[in-house]
Every structure is written in structure tokens, then in C-alpha cells.
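Residue-level listing of the chains:
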Amino acid sequence: MKHVMGVINLSEKDGCYDLQELTRQRCIASIPFGGRYRIIDFVLSNMVNSGINNVGIFTLNKYRSLLDHLGSGKVWDLHRKKDGLFILPPMEPCAAEGPRGDMGYLYEHIDYLRNSSQKTVVYAGGNMIFNTDFREAVSFHREMQADITVLYKDMGMGGEDLSRYKKVALDDDARVVAMEAEPGQMKCSRIFMDIIIVGKPLLLDLITDCFKGEGRRMCSLVNDGIVPNLSSLKIFGFPHRGYLAAIDSLSCYYRHSMGLLQPEVSRELFFNPGFIYTKSNDEPPARYGEDALVQNSLVANGCHIEGEVQNSILFRGVRVHRGATVKDSIVMQKCLIEEGASLDTVILDKEACISRGRELKGSRENPMVVGKRAKM
Amino acid sequence: MKHVMGVINLSEKDGCYDLQELTRQRCIASIPFGGRYRIIDFVLSNMVNSGINNVGIFTLNKYRSLLDHLGSGKVWDLHRKKDGLFILPPMEPCAAEGPRGDMGYLYEHIDYLRNSSQKTVVYAGGNMIFNTDFREAVSFHREMQADITVLYKDMGMGGEDLSRYKKVALDDDARVVAMEAEPGQMKCSRIFMDIIIVGKPLLLDLITDCFKGEGRRMCSLVNDGIVPNLSSLKIFGFPHRGYLAAIDSLSCYYRHSMGLLQPEVSRELFFNPGFIYTKSNDEPPARYGEDALVQNSLVANGCHIEGEVQNSILFRGVRVHRGATVKDSIVMQKCLIEEGASLDTVILDKEACISRGRELKGSRENPMVVGKRAKM
Amino acid sequence: MIQRKECVAMLLAGGEGRRLGILTKKLAKPAIPFGGKYRIIDFTLSNCTNSGIDTVGVLTQYQPLVLNAHIGIGIPWDLDRKNGGVSLLSPFAEKGGGRWYKGTANAIYQNICFIEQYDPEYLLVISGDHIYKMDYSALLSYHKERNSEATIAVIQVPWEEASRFGILSVGFEGKIIQFEEKPPKPKSNLVSMGVYMFNWPILREYLKKDERDKGSSNDFGKDVIPMMLREGRRLFAYPFQGYWKDVGTIESLWQSSMDLLVEEPELNLFDREWRIYSVSPNHPPQYLAPGARARRSLINEGCVIYGEVENSILFHGVYVGPGSVVKDSVILANAKIGEGVQVEKAIIGEETVVGDNCRIGFDNGGSGGKPADITLVEEHSLIPGNMIIRSISR
Amino acid sequence: MIQRKECVAMLLAGGEGRRLGILTKKLAKPAIPFGGKYRIIDFTLSNCTNSGIDTVGVLTQYQPLVLNAHIGIGIPWDLDRKNGGVSLLSPFAEKGGGRWYKGTANAIYQNICFIEQYDPEYLLVISGDHIYKMDYSALLSYHKERNSEATIAVIQVPWEEASRFGILSVGFEGKIIQFEEKPPKPKSNLVSMGVYMFNWPILREYLKKDERDKGSSNDFGKDVIPMMLREGRRLFAYPFQGYWKDVGTIESLWQSSMDLLVEEPELNLFDREWRIYSVSPNHPPQYLAPGARARRSLINEGCVIYGEVENSILFHGVYVGPGSVVKDSVILANAKIGEGVQVEKAIIGEETVVGDNCRIGFDNGGSGGKPADITLVEEHSLIPGNMIIRSISR
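Quick caveat: nothing in here was measured; it's all calculated off a predicted structure.

## With respect to the pairing of strand β12 (residues 235-239) of chain B
All names here are of chain B.
Next, step 1: The element β12 is extensively covered by neighbouring structure, given that 5 of its 5 residues are classed as buried.
Next, step 2: Side-chain alternation along β12 places Ile235, Gly237 and Pro239 on one buried face and Phe236 and Phe238 on a second face that is also buried.
Next, step 3: Of the pairings in the sheet, the one linking strand β8 (residues 148-154) to β12 comprises 5 bridges and is parallel in character. Opposite Val150, over in β12, you have Gly237 as the bridge partner.

## Here we look at the interface of chain A and chain C
Next, step 1: Residue-level contacts link 42 residues of chain A with 42 residues of chain C.
Next, step 2: In total, chain A and chain C occlude about 3,400 Å² of area from one another, counting both sides; carbon and sulfur atoms represent 47% of this.
Next, step 3: Together, Asp282, Arg287 and Tyr288 of chain A form the three largest contributors to the area buried by chain A at its contact with chain C, with a combined 20%.
Next, step 4: Summed over the shared surface of chain A and chain C, the result is 7 salt bridges.
Next, step 5: The partner of Glu290 of chain A in a salt bridge is Arg296 of chain C, with the nearest N and O atoms 2.5 Å apart.
Next, step 6: The tally of links between chain A and chain C comes to 25 residue pairs in polar contact (both at pLDDT 80 or more).
Next, step 7: Elements supplying a minimum of two residues to the side of chain A that touches chain C: α9 (263-271), β14 (286-288), β15 (293-295) and β16 (297-299) of chain A.
Next, step 8: Residues of the side of chain A that touches chain C, tallied by class, amount to 19 nonpolar, 13 polar and 10 charged.
Next, step 9: Sheet topology places β16 of chain A next to strand β16 (residues 286-288) of chain C; 3 bridges connect them, and they run antiparallel.

## With respect to the state of the cysteines
Next, step 1: Summed over the entire model, instances satisfying the criterion amount to 2 disulfides over all chains.
Next, step 2: Put simply, Cys210 of chain A and Cys219 of chain A are joined by a disulfide, and their sulfur atoms are 2.1 Å apart. Linking Cys210 of chain A and Cys219 of chain A, the disulfide has an S-S dihedral of approximately -110° and is accordingly described as left-handed.
Next, step 3: Among the residues examined, Cys219 of chain A registers a relative accessible area of 1% and is labelled buried.
Next, step 4: Its sulfur unpaired, Cys113 of chain C is 19 Å from the next cysteine sulfur, which belongs to Cys7 of chain C.
Next, step 5: On the accessibility criterion, Cys113 of chain C (48% relative accessible area) is partly exposed.

## Looking at the pattern of salt bridges
Residue and element names in this part refer to chain C.
Next, step 1: Inspection of every chain in the model, using the stated rule, returns 84 salt bridges over all chains.
Next, step 2: As a salt-bridge pair, Lys5 and Asp54 come within 3.3 Å of each other at their nearest N and O atoms. Placement of Lys5 in the segment before β1 (7-12) and of Asp54 in the loop between α1 (41-50) and β4 (55-59) is noted, with a sequence separation of 49 residues between them.
Next, step 3: Where Glu149 meets Arg233, a salt bridge forms, and the shortest distance between an N and an O atom there is 3.1 Å. Here Glu149, found in the loop between α5 (136-145) and β10 (150-156), pairs with Arg233, found in the loop between α7 (220-230) and β14 (235-239); they are 84 residues apart in sequence, far enough to count as distant.
Next, step 4: Exposure remark for Glu149: the relative accessible area of 14% places this residue in the buried category.

## Observations concerning the domain arrangement of chain A
Residues and elements named next belong to chain A.
Next, step 1: If you check the domain split of chain A, you get domain 1 (4-271) and domain 2 (287-370).
Next, step 2: Using C-alpha coordinates to define each centre, domain 1 is positioned 33 Å away from domain 2.
Next, step 3: With 18 residues of domain 1 at the contact, the number on the domain 2 side is 22 residues.
Next, step 4: Taken together, both faces of the contact between domain 1 and domain 2 bury some 1,800 Å²; the carbon and sulfur share is 67%.
Next, step 5: In this structure, the connection of domain 1 to domain 2 is made through 1 salt bridge.
Next, step 6: Between Arg26 and Asp349 there is a salt bridge, with its nearest N and O atoms 2.9 Å apart.

## Some details on the packing of aromatic side chains
Next, step 1: One pass over the structure, following the stated rule, counts 46 aromatic pairs over all chains.
Next, step 2: Look at Phe86 of chain A and Tyr112 of chain A: their rings are 5.0 Å apart centre to centre, the planes differ by 45°, and that puts the pair in the tilted class. In this pair, Phe86 of chain A sits in strand β5 (residues 84-88) while Tyr112 of chain A sits in helix α4 (residues 110-115), placing the two residues 26 residues apart along the sequence. Here Phe86 of chain A matches Tyr112 of chain A in class, with each residue buried.
Next, step 3: Among the aromatic residues, ring-to-ring pairing joins Phe33, Tyr37, Phe42, Tyr253 and Phe270 of chain A into one connected group.
Next, step 4: Across from the ring centre of Trp254 of chain C, 4.7 Å away, lies the NZ or CZ of Lys345 of chain C, which sits over that ring.

## Some points on the pairing of strand β6 (residues 120-124) of chain A
All names here are of chain A.
Next, step 1: Within β6, 5 of the 5 residues are buried, leaving the element largely enclosed by the surrounding structure.
Next, step 2: Neither face of β6 is open: one carries Thr120, Val122 and Ala124, the other Val121 and Tyr123, and all of them are buried.
Next, step 3: Pairing analysis gives 5 bridges linking strand β1 (residues 4-9) to β6, with the strands arranged parallel. Across the sheet, residue Val7 finds its bridge partner in β6, namely Tyr123.

## Examining the sheet that holds strand β30 (residues 375-377) of chain C
Next, step 1: In space, the 10 strands of this open sheet follow the order β26(A)-β23(A)-β20(A)-β17(A)-β14(A)-β18(C)-β21(C)-β24(C)-β27(C)-β30(C), with mixed pairing throughout. Unpaired on one side and paired on the other, β26 (353-354) of chain A together with β30 of chain C mark the two borders of the sheet.
Next, step 2: One ladder, built from 3 bridges, connects strand β27 (residues 346-348) of chain C with β30 of chain C; its direction is parallel. Looking at the pairing, Ala346 of chain C lines up with Thr375 of chain C of β30 of chain C.
Next, step 3: Helix α8 (residues 250-259) of chain C rests against β21 (313-314), β24 (330-331), β27 and β30 of chain C of the sheet, and its axis sits at about 95° to β27 of chain C.

## As for unusual backbone geometry
Next, step 1: Geometrically, the link from Asn272 of chain A to Pro273 of chain A is a cis peptide bond, its omega value of 0° lying close to zero.
Next, step 2: As for its position among the elements, Pro273 of chain A is in the loop between α9 and β14.
Next, step 3: Even without a glycine there, the phi angle at Asn311 of chain A is positive, about 45°.
Next, step 4: Accessibility expressed as a relative area gives 24% for Asn311 of chain A, which makes it partly exposed.
Next, step 5: For Asp328 of chain B, which is not a glycine, the phi torsion comes out positive at approximately 50°.
Next, step 6: Summarising the element assignment, Asp328 of chain B is placed in the loop between β21 (325-327) and β22 (330-331).
Next, step 7: For Asp328 of chain B, a relative accessible area of 12% gives the class buried.

## Looking at the sheet that holds strand β14 (residues 286-288) of chain B
Next, step 1: Taken in spatial order, the 10 strands line up as β26(B)-β23(B)-β20(B)-β17(B)-β14(B)-β18(D)-β21(D)-β24(D)-β27(D)-β30(D) in an open sheet, and their pairing is mixed. The two strands at the open ends of the sheet, each matched to only one other strand, are β26 (353-354) of chain B together with β30 (375-377) of chain D.
Next, step 2: Pairing between strand β20 (residues 319-320) of chain B and strand β23 (residues 336-337) of chain B: 2 bridges, direction parallel. Bridging across to β23 of chain B, Arg319 of chain B finds its partner in Leu336 of chain B.
Next, step 3: Sitting on the sheet, helix α8 (residues 250-259) of chain D is in contact with β21 (313-314), β24 (330-331), β27 (346-348) and β30 of chain D, with an inclination near 95° to β27 of chain D.

## Thoughts on the nonpolar core
Next, step 1: Among the nonpolar cores identified, the biggest contains 87 residues, and Ile57 of chain A together with Ile57 of chain B are the most heavily contacted of them.
Next, step 2: Counting 71 residues, the second largest nonpolar core, distinct from the first, contains Cys48, Ile155, Tyr238 and Leu261 of chain C.

What counts, and at which threshold
Residues numbered from 1 in each chain as written. Chains lettered and ligands numbered in written order. Predicted model: local features only at pLDDT ≥ 70, side-chain atom pairs only at ≥ 80, totals over all residues. Heavy atoms only, no water. Buried < 20%, exposed > 50% of the residue type's maximum accessible area, 1.4 Å probe, protein only. Helix = DSSP H or I, 4+ residues; strand = E, 2+ residues; numbered from the N terminus. Pairing = 2+ DSSP bridges. Contact = heavy atoms within 4.5 Å. Buried area = accessible area lost by both parts, 1.4 Å probe. Salt bridge = Lys/Arg side-chain N within 4 Å of Asp/Glu carboxyl O. Polar contact = N/O pair within 3.5 Å; in protein donor to acceptor, adjacent residues only side chain to side chain. Nonpolar A, V, L, I, M, F, W, Y, C, P; charged D, E, K, R; others polar. Disulfide = S-S within 2.5 Å. Domains from an automatic or database assignment. Phe/Tyr/Trp six-rings, centres within 6.5 Å; stacked < 30°, edge-to-face > 60°. Lys NZ or Arg CZ within 6 Å of the ring centre and 35° of its normal. Axes fitted to C-alpha atoms, helices over the stretch in contact; angles between N-to-C directions. Core = buried A, V, L, I, M, F, W, Y, C linked by side-chain atoms within 4.5 Å.

Have a look at this one:
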């Protein structure tokens, strides 16, 4: 895989998603998930586990916490001299002119793409949670001599509402015959995972073609690069068979988080086929007190629990005092739940503090969110 | 110095400077200087050589090449888990609202400042070239029990035009009695180096105070934090006695570059008191051909010279063919000067190519600039 | 172009730890797991980092593979540096042949050239066998203030244990008057912690002198310190208060582990100002199933608990099946305890699989009399179901 | 949690290089400076990085200090990794005592546990003594295509030199028929470059077998390869074309240096697709003063030249004073040549200071007859002014 590079583009649709309070100070890719990870850890670890050594992350907004999280890239063994991790923010974000759209941000840093030595690109968005080895898809791409391979997931019918996802239709040879430019039109259970595999020369052509005309500013890879070329290019679909969570709303964030309390789900997501890496916070093992009662919950290191925790996810360094109860909730890093406080279907952002005796309650469709560092 | 952190703020006045073509795709801090360095290397190496392990760089615009240059911070031994190098871009650069000015960018990332364990801050701009050990100034700051120590350089009278610099006036106890909010008013040879030493609690107060009032958006550390407080705070001046180049125009960039051809100047700047670190490009030693004639010039590694070079600075990987002449010029990385071409008082930006027989000539006051990757 | 360092640390990690039995068959003693997440050497390495000492030579010669893999290039302790950082130092050959490290002083002597690269003023010599949190920069300040030439950190131990250690007699302002290595009848209960701060140029001369002495065992406690005292050097004792443990036996390893589980443990692992760093296994958070119970325990990431865990320490990736009870025990990484198993007062080795309905360890607790022995199950064992395993009294 | 690696490299860097005289007094041979900027080992380390091999064990035992400091944690070669990267492997002790490396095969044998951590399919064994650029991934492909069990890279040398090397006889499709280590009368001029690609599980068995053989010298060329051939294993020769040099003597070191200065050198250091990495001394660009002259030379950063440099190689930080002439010479790092000095056909050691008006080396060049000897001036020497120094014929 030394001929494959990774591109993670966080710029496309950040605006359309609705993560409310959780994205007030961070981009979606930087939202904590699963007790110790951030959403970007999944796609980034997948790339690294697939043997990709050069990853460019195209950022747009609110990526300070992301930079902090990624650090020098050492956690992913990407603190390299040659290749490694590249952060590519917009050149002049406030200029009135200049290319925009996901292709626009690529266009601004086209030199990075051009100068990279790799010949194939795994291109991904930043809000999908999954665990895969891209080597399979890349082999498929090569065997089929595809121009573009799009990764999709068959969600099955009758489950989740799929109207928000872009769907793809394939013929029997796995060739993509239709793909939605706007979601909600096709009736089909195969959703586009926001991931494609493409030869670099073609990608460069698609990008530059897009901005050839006068006054073109806004270009989308899917809508301007793929959908119009379904017949002129050899575009194939490759299925992802494992777990997939696409985070685009608060209720879906909550639902997918709670899904991790099924051990077979979290085992698959965290271990198969590869490990998910994240910044280590050097917390000690979790400590359970005399009266602790913790059941059906994920608990990260550094937690100190003396109260009761049911069906919940506790991030690192959470303190639950005696007599406090946490139920059906997500409690992020370093939150403090004081004596006798009670949480039911609540999402606490980092370092929130719930005072003695306080009771908070949300609903599954509309979990209550307490902002970062809030004191209630 | 484990109680001291560094802050490099690149956001204040980028707009006021006039580096023309050299800043078309990069910020001033990222301009190549001295044959292998970039301007930021000097202040950053000074901090590291002074034992500072935590450096936050507040960026505004066009910092992609800066990110690339800094990489994981490994060159400066700042690829740390704890502390290390932090890049702090504006939160939402395009939002119509939100704090601005150098203090505004600090305000946006006040959590970074607050969460850092160090108690004292060395705060610097990004366009000064010098070599110093900040330990001396920090000891001075402590001994004087100063609230703020401003670093200044006495430029002497009759030399350079000092009207563009902010000046400071001291009393006999080194206390600052006057400081310019706008340059060009005071007649005095002591110029402010855009560097202060300040206790973190005071800095945090100055920042938050600044944005207390309704509708305040624009705040400058010097004009709003220091100048109005000259009598209420203990503000001292500490002299820098070594070399100083403040890069704020093309002619001054050219003049200071040429100054390095005096060996005593470059010796001082590059070695005393500490080494200046920069990204290594792993170029082989420079190669001189049969007919090479190189005199009074700085030549970086990876150059291959067969022609004539006089009073010039050649960055890494420059190729000067037989019969070409380079005089009084600055030639950046990987430029190609073909046979018989001739340069006189020219600045070639990176990877420019001057074709066979071509002759270019500028003047000392107005050196000709050839843009990055230009082919002439 | 190596930068000068004020203080360089040399960490002696050669210990064989014979009294730790099967635990040290493939491990040097500093590599022994402790506290649910750490190896013993993590404490001294973290002390260095937290004290601002960024140049550490680790002297290994016995079974260094696990230790080398653990330390790697020093990433967890932020010791992966261009200048300084951690260096693994094994014995090497020069013109005239190679030598193994003899005593502790000889190990430093053989690495004089390594130390000289950094041209330090001070040399800190520590041992990777001990569990404690100490700010070596405070020790250095103390050393400087007293104009000391060698400063030894000391701690008071119960009188009955004193004869296992180096005993110091101390005079005015902490000046050391006498030093006796493991005397049968100790005159004081102030013992050396094996933490030495030296003026390097002075120590260097004494190391050379000691090396020329054919009768010397080349040991700091037995030879070098007594010689410095004899010659009237300024040696001071640095009094240390707090937790300090030389985990020399299975019993003391188990006891120190249990010490972590009391309400207010003397050794606080939760102190954010003095973190203990270690290699992160990169496991997901631990999962406690419906019906699980964990009390008075430390449990590391990646564990999956269906049964009950009480007063125990679980390293990463441990599985405890439904209906199983783990009590007063230490379960090392990735061990799998089947269903309906009872484990009590035991140490279960890494990757060991315990079959369903086994009973491991003393199951007769609380019946009074002599305290029960600790049952030790070797790593990578495969214990079939329905077995009863108890320790043989040692 | 060490990741599996397809191919691990073991780099033998133990060479003493006796014939290199004072150059190797404090250096292992792989640490010898070459080409104005590099040490010899940089070529093999860079080959590994450029070939995509990111796990390299460097086996040292002789004078490893300079080598260890040079390699550090592997930053220049991008080998500072969490998984894999560069590991410095010295001999170590186990229960039952320690051992020094005997032959090349024994050195690998002693590190079987290190290799097994990565569970590789292939093991690349290379030597840090040689200067060449080779893509080991092409060697690996060749090895796989032929279903080979051991592949040896070979090169043709002039017949008169052949007896210094291991000689191969090759049959159909490169299959090795015979291997003779340094035969007095070589049957071919196809010689082993000391670059071996093995199927690791097979090699492991042969290493164990070789170790049990008390009569064996535990060397790849003398023992292991011949044994594999005797037992009918599939061994292939991988033909290499290009520059390859075993710099065994002062003369060949000097000659290889001069080879870099011809119009189109065989060893191209300017190839951006195959960079040779080394530690950067972090010096500013070199300065050539008014009146200076540099021709047919390689000059590294930090040099300051007032005089003339012709057909020479200057390492970093060299100073050449006004009126001095340096010709056909190699000047190592930070040497200072005073005013009016003449240096010809000499190698001047690191940090050496040559006083004004000295004459170093053969100054009678071009007079015909036997070629002049090379004058070698030791590192850190201080040569007073007005001296004449010539080599003693060796």
C-alpha cells in the first residue's frame, strides 16, 4: 500500500449536520465517541491499519480541538519526515473569492496532492464510524481496472430511515449505474459511505476540470465529479460488510453510542479487522468503590465510581460520587457527578459538573445535552 | 524554564507589511531566509534553546506552508505528548462576529493558555530575526518583579530609517515610561521587538478585560494592554544586544539577506548563543564543477554549481549551469539557472527556472522578484 | 551536535529478581506488571519525566527483550527526543574485548563515555526495581543548596526490616556519617532508597579509582559510598516521605497491589500532577455486563466483566465470565476466566485461560490462623475446567 | 501489541575494520564518515527506508557509542516508529549467563526472540559495511517470484579481486549451485554482496541447527549457506548492477571518495528519488569568501572557505584559511586549516587544527612512478604551524 495515500475531507457538509451543542466548539470529526475515541480516529486508524503512510486532512472550521487531538500524529505512527500526517486548512478562508465546496478545498492544496508520490487515493469524509481494511477495496479497484470505486453499505430495508443518505445502484457486475446527487430520491438500501478510491491522475483532472470555467466556485466531488461521469468512467461499487454509523444528528449520535453496549457490536467496531488508535491520556485503571454498581456500561480509564451506573458510557476520568445515579447517558471526559445527582438519558459534554442532588432527564429522541464545562 | 511557555502570534499586522510576491502564498513567518531557514525558525529556535518546551503558534492566514515546515515539531524536539508545539488557527475565521486583533486570537484560544501549566509567557511576533537566550530576560523579569518586560533593541541613530517601528522610552531604572501605539511619533532609537515577558495570570486578565465591554472586537496587546497601563503596571524594558532584523518590506528583506554575507554577522546570527534549527531536506553536500567560481556567497547543500556566483545567497538544491552568472541575488530552493543566463539583484522564489541566455536585473531599492515556479 | 545537559539519569534495570519466581523467568524485575496497567520501571521513568530530567540511560543486561519492547524509543514517557531521551545501554565490546556489568558502580563505569556526551554537572543514579513517586528536581535543589558531593535519598523503615537495606547514620543538617550495607544489627532505621545524586566530575574519579581496586565488588553501597565517606567527601541524606516499595517477593508484590485498593491509598495513581506513564494497549473502554459487579477494584481498559470482581486488580483485556467471582487477586493482561470460576488470593499470568468452574487459590479465607499463601498461575497457561488449584506453601 | 511485519531487516554493524587503522580506533567500521556528510551505515539504513522496510534491528557490539549516538531513535531515516523502527541490539544475558556474538549467523540466532516479535515471513540480512543503493523490495519480489528459500544479491567484480569474497556458481534462472567463501582460486567472478533474503521460518531452523553444530563458526557464508545448499534448498542469486563498495582500507576509502568527484559519478548522491539520509548537523550554508575558489569538490554546510579547494571533499564546519590550498583530500567535520597551508592527498580527522603554513601530504604529485600514499591525520590533533607532515609508507 505504499502507492496509496489517504485524504480525509472534513469540508463538505459540516453545515448540514445537526449535532447542536456538541459541535459548538468542534467539527464533527472531533466529537468524542465510544468512551475514549473521537470520530476521526476510526477512518484514520483504518487508513493506517491498511498500510497507508500519507494522510492529508482537509479541514474547514473549528478544527482547533482536532489539531490538539491529532498532535504530531505519533499515535498513528504518522509523525514522519517523509509522508505522514498533513493538515490542510483553507488558504484564505475569509477571502470573498476563491474555490469552495469539497473539490474547492482540494483545489487550493492541489500541490500537496500532486507532490505526493502515491498513485492511488483513498478519499473519505469525516463523519463515518467503521472498521475496515482498505486493502480489499483497493485490490478490487485494481482488479476491476476501475476509474473510481465507491464504497457503499447495504443497510437492509425496514430499519433506519435512510432518506438522509446518498444512495447508489449497481448492476450485476458491481458497476454503479445510478447515484444520488441529492439524497431522498432513490428507493434503495445501499448508501454511499462518503469514501471513494480513485487514481490520482484522474482525481487531479476532475478537480482542475471543475474550476476551468469562469466564475465556478462551488464544486462537489460526488455531484460534479462522479454523478455526471457514471457512463463515461468505469465506476464500481464495493460493499462494506461490517458495522457502520454515520453521525449526522444528535439522536443518531445517541442511538449509535448506545448501540455499543452490545458487546458483539463494540468488539467488531474496536477490534475487527484492526485496532482503533486514539490519543492516550495516561489515565490509571478505573477505580470502583465499595458501593459501586455498574451494569451494562462502558467505562473508560481514570473513572472513579462510587455510585450507580446503568446502560451508560463513561469517558475517561469521570467521577461518580456515592448515591449518584447515571442511567442511559453519555458522560464525557472529566465530568463530575456529585452525591445524589441523577442523570437519565443525558449527554454531558467534557468537564461538565452536576451538583449534589440535581436531577436531569432527556428522551431517546431528544437526549438532553449539557455543554462543555457547564455547571448545573 | 519549565515554568515558561512561548506564544508566537502571527496574526497582528500581516496586512501592513509589504513583501509582495514573497507573501502571495505564505505568511511572513514562512518566508525563506538565510539560505536554508524560514523566518519563524529564529524565534522558535530561540525559545527551544532557552529551555521552553511549550510553544503555541497563533496563525491567521496562508499558513499551509508553515504547517508543512513545522511538521510534527520534531526538528525543534517539540513533538511531545505533554506540552510541545501547538498550532492555533482562528476558530471561525469567516464569521462576521467574534474577537479580532492579536488579543482577539488569543481570546479565542484562551483555554490553551489557561490549561498550560506554565506561569510565565514569552510572547513574540513572527517577523523578527535574531538569536537570543530568553533566560536572561526572564531572570531580569523576575528580579525586577516586573508585571511586563518588553524587549527592545537600541538601533543607534543615523542608520536605518526607524520610523516604521514602535519605540520605547525608559527611565534610568529601565522602567518603560513611554511607548508608541502608532509608530513614527517618538524620536528615539530603541525599537520594540514585538516580544514581551508577562505572567500568565496578568496576560489572561488583559485579554479578558479587553473583551468585557459590549461590541469590542478588535484588541491589540500593545495598544490596549501595555500603553494604557504604563503607570498602573510595572513595565520594564530589557535590551537585546545582538543582531536584529525586522522584516517588513521587500527592500529590507533584501538588505538583511545581503548583510549575512559578512561572516561576522552570519556567525553571530546562526551560532550565538544557540543553534538555529530548521527542517532538514537531506540534500547532499554542494557540488562545485570544473569551472565553478563562487565568491562572497552563501551556498546551501544540494546546490550544483558550474557557473559564476558573486555576492549571492543560494538556497538548497539550486543548479547553476556553465556560463550562467548570478550576482547580488537571492536564489531560493531548487531554482534552475540555465546556461548563459544572468541574474543581477534578483530574488528568485522557489523552483523558478531561468532559461538559457535570459538576463534579469533589478536594483538594490527595488530588487526584481520572480515568483514561485515561474519559468522565464 | 549533542546538547549539554545539567543532569543525566542512569537507571539500573539489570535486576534478576530471583525471589519473584516464575514471574521473572522471562522478565527482568523492572518489567514486572503492577497496578493494573504499569510495569515497575514506569514509576522511575515517569519520575524522571515529571522531574524534568529528559536524558535517561537504562542499563540492562538480563532478559532485556520485554523491557526493550516496553521502553521502545520512549514515546509514553515523552523521552523520544532528538537530544537526550531514553537510551538502552547493554554491555558492549571495545578493543581488547567486552565485559558484562559487574556491580552497580561498574555498570556506570562502563558507560562513562555515554554520560560524557552530555557533559553533565550532576548524575542521578536510580534503580528500576522500586515503586515510588519522587521529584528528583527537589532532590537536586537540596543537593545544590548543601553544596553536597553525593546525596542519598533515605526513608525510615520499620526496625525489623532495616537489616535488608543500606543503613545511614546522619549528623548535622543531614550530613552522612556512616553507611553500612545490610548490617546484621542496624544502628538506625534510616535506609538508602538506592537513589543517588552525584556531582559527576567527582563521581567519575571515584568510579575510576574503584575500578582499579581489584578487591572491590564495584558496588555503590558496598564500595563507592564507603570510600567517599572514608575520604571525607561531603555526603548528605535527603529525607523522603511517602510511599516507597522494593517489591522483592511474591508476597510483597501482592500486598502492594492490595494496598492500592484501600479507601485512601498511600500511592495515589489518580494524581493528575504526577502521572505515571506507560505503554497504552489501545483497548476500548471496559464493559460491565448486566449482572456484573465490581467493587473495591482497579480495572483496566479492554476488560469484559460478566461476573463479580471484588478487591482485585485486572490488567487490560481480562475477561471474567458469568457466575465467576474474582476476589483479592491480581489478573494479568488478557487472561480469560471462564464461567462459574472462583479465584481468590491469586495472581494469574498474562494470556492464561482458566476453564469453567475452576477454583483457584485459597478458598478457606477468614478461618483465622496463619494467613493464606498466594497462588501464582504462570502466564500462557491453559487450565482445563473443573480443576482446583492452590499454591504450594513456599 | 506489536504489529506483524512482512519483512524485517537485520543489519550487522559489528565490524571492527582493522585495516582502517586509526580511523576505527574509536569507531565501528559502519560509523566511518563518507561523502562529505554521511557515515557508511547511512547507505544501508537509507536503503531500508527507501525500500519500505520499516523494522530494522542493528546488531552492534564493537565500540557502539558513536554508532548509537548517530542512529539515536532513528529520526533521520524516519525509523522512529511506535511499531518497528530501528532497534539497537547488543548482546544480552539470560538465565545461564550471557554471550557475545560469534559469527554473523550466531548474531542473528541470539536475536531470534527479537525477530519473532514481528512474526515476519521474510528476513533480510545486510551488512553496515558496504556503500551501495539497492531497492530491497525488488529483491523481495524476485525472491517471491522464484519461490526461493534464500536469495543472495550478487555482483560481478574484477577477477583479480574475486578471491576476497564469497564466490557463487549459478545455474538455470539464477539457481545457486555452489558457494565458496574466499576461495584461493575462484571459479567465477560473481560474488556475494552480503545481502541475504531468507524465508524466516526456514532460516530459523537452520540457525538452530547451525548452533547445535559445535564445529561451526556460525557464519552465513562459511556455514549456513553451504549447509542449505548441501540439503538441496532452493537458493537463488539476485544479480545487482551498480555501484557497490566494501571500503576495507584507507586506500579504498580515499579512492571511493575521489570517485564521487568525477563528472558523472557512478554513485549519484543527487538522486532525489533515492535520498541518502543522515543526521543533520544543523549548520548554516557554507560561505565562500571573496578570493575563495572551489572546483570539482563536494562541500558540506557550515564550511567557511577563504582559500582554494580542488578535487576534495569537505565535511561540515570545515574552515580553510586564506592562501591555503586543499587538493585531492578529504577533510572531516570541523577541522580547521589555517592560513597558507597546503594539503594534498590527505585525510584530516574531525576537529583537527592545522597551524598556518603547514604542508600536509604528498607534495610531489605528478612526478610519475609509484602513486603516492595517503596521509592520514588523526582526529582532534593540534598541528603547530610550519610543520611538514607526510604519511609513512604502509
